[in-house]
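Here is what each chain is made of, one letter per residue.
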Amino acid sequence: MDSPAWLDAALQNLSRAGEVGWATADYLSARKTPIRFRKISPSAGAMWFLGGTITLNLRYFSPADVENPRLLSLLVHEARHLQQGPLVALSVFGELDAWQVDFNFQRALTGRFPSPLIEELCALPLVLERGVLEKARALMIQYAGKGYRVDLLPLFPLPQEIAWRLRR
């Protein structure tokens, strides 16, 4: 199911989808990132793992979806987390960055955002400001549902979050 032929086709589709798609395909290819299909939490379309693997949710996608804009944008999203590293990826700031690159890429493929909530999220500035990140977290939960546990993540990447808390 997680065949090299599927991965080659997905990387080719990404490569043909503009600069972000090409850069993502290049990154995933250079790192030989394993991409697999498994059933994971219904609140996630895909996940990245510390070992550098990306898992696409079999509840929503299969290898037959190799041209699906949502699947391709989720590859962009999860690759962004791998690029960020865990300290940034495991923060609301990292999620905002990944959501914005994901849904802006999806909009480039389809011509629209999937909802007004996502359009509002993508219009937020990517800054280390608590008010902006609290708004981003609220929009993510409103869009994805309470099962999407972004509320468990610190707003800032962990070193900045610790420094902020010590200064308070």
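Computed from a predicted model, the values in this text were never measured in an experiment. (Residues numbered from 1 in each chain as written. Predicted model: local features only at pLDDT ≥ 70, side-chain atom pairs only at ≥ 80, totals over all residues. Heavy atoms only, no water.)

Draft legend 1. Spotlight on the packing of helix α5 (residues 92-110) against helix α7 (residues 130-144). Between α5 and α7, the shortest axis-to-axis distance is 10 Å and the interhelical angle comes to 60°. Looking at the two axes, α5 sits oblique to α7. Considering only the axes of α5 and α7, their crossing is left-handed. Contact residues: V92, F93, E95, L96, W99 and F103 in α5; L133, A136, R137, M140, Y143 and A144 in α7. (Axes fitted to C-alpha atoms, helices over the stretch in contact; angles between N-to-C directions. Helix = DSSP H or I, 4+ residues; strand = E, 2+ residues; numbered from the N terminus. Parallel < 35°, antiparallel > 145°, perpendicular 65-115°, else oblique. Left-handed = near helix turned anticlockwise from the far one by under 90°. Contact = heavy atoms within 4.5 Å.)

Draft legend 2. Fine view of the nonpolar core. Core analysis: the largest hydrophobic core is formed by 26 residues, its most contacted members being W6, L14, L28, I35, L56, L71 and L75. Contributing elements (two or more residues each) for this core: α1 (4-15), α2 (18-31), β1 (35-38), β2 (46-48), β3 (54-57), α3 (69-84) and α5. A per-element tally of this core places α3 first, with 7 residues. If we skip the residues at most four places from it in the chain, L71 touches W6, F37, L56, F61, S62 and D65. V92, C122, L124 and F156 belong to the second-largest nonpolar core, a separate cluster that totals 19 residues. (Core = buried A, V, L, I, M, F, W, Y, C linked by side-chain atoms within 4.5 Å. Buried < 20%, exposed > 50% of the residue type's maximum accessible area, 1.4 Å probe, protein only.)

Draft legend 3. Up close: the layout of surface pockets. In this model, the largest pocket occupies a volume close to 760 Å³. For the largest pocket, the lining is made up of 31 residues, of which S43, A44, G45, A46 and Y148 are closest to its centre. Elements supplying a minimum of two residues to the lining of the largest pocket: β2, α3, α5 and α7. The greatest single-element share of the lining of the largest pocket, amounting to 5 residues, is contributed by α3. Of the residues in the lining of the largest pocket, the class split is 20 nonpolar, 6 polar and 5 charged. (1 Å grid on protein atoms, 1.4 Å probe; cavity = no way out; pocket = protein on both sides within 12 Å on 5 of 7 lines; lining within 4 Å. Points joined across faces, edges and corners; volume = space filled by probe spheres on them. Nonpolar A, V, L, I, M, F, W, Y, C, P; charged D, E, K, R; others polar.)

Draft legend 4. Geometry of the packing of aromatic side chains. Following the criterion strictly, the structure yields 5 aromatic pairs and no others. Between W6 and F37, the aromatic rings sit 4.9 Å apart at their centres with planes inclined by 80°, giving edge-to-face as the arrangement. Note that W6 is positioned in helix α1 and F37 in strand β1, a separation of 31 residues in sequence. Accessibility assignment for this pair places W6 and F37 in one class, buried. Taken together through their ring pairs, the aromatic side chains of W99, F103, Y143 and Y148 make up a single cluster. The ring of F49 carries the charged tip of R36 above its face, separated from the ring centre by 5.4 Å. Against the face of W164 rests R130, its NZ or CZ located 3.5 Å from the ring centre. (Phe/Tyr/Trp six-rings, centres within 6.5 Å; stacked < 30°, edge-to-face > 60°. Lys NZ or Arg CZ within 6 Å of the ring centre and 35° of its normal.)

Draft legend 5. Molecular detail of the sheet that holds β1. Pairing within the open sheet is mixed, and its 3 strands lie in the order β1-β3-β2. Each end of this open sheet is capped by a strand with a single partner; those strands are β1 and β2. Strand-to-strand twist in this sheet, taken as the mean axis angle between neighbours without regard to direction, amounts to 25°. Where β2 meets β3, 3 bridges bridge the pair, whose relative direction is antiparallel. By the bridge assignment for β3, M47 is matched with T55. On top of the sheet, α3 reaches β1, β2 and β3; it is set at about 150° to β3, its chief contact. (Pairing = 2+ DSSP bridges.)

Draft legend 6. Broad picture of the packing of α1 against α3. Closest axis-to-axis distance for the α1/α3 pair is 11 Å, and the angle between their directions is 85°. Taken together, the axes of α1 and α3 lie roughly perpendicular to each other. For the pair formed by α1 and α3, the contact residues are W6, A10, N13 and L14 on the first element and L71, L72, L75 and V76 on the second. Looking at side-chain class alone, the contact of α1 with α3 contains 7 nonpolar, 1 polar and no charged residues.

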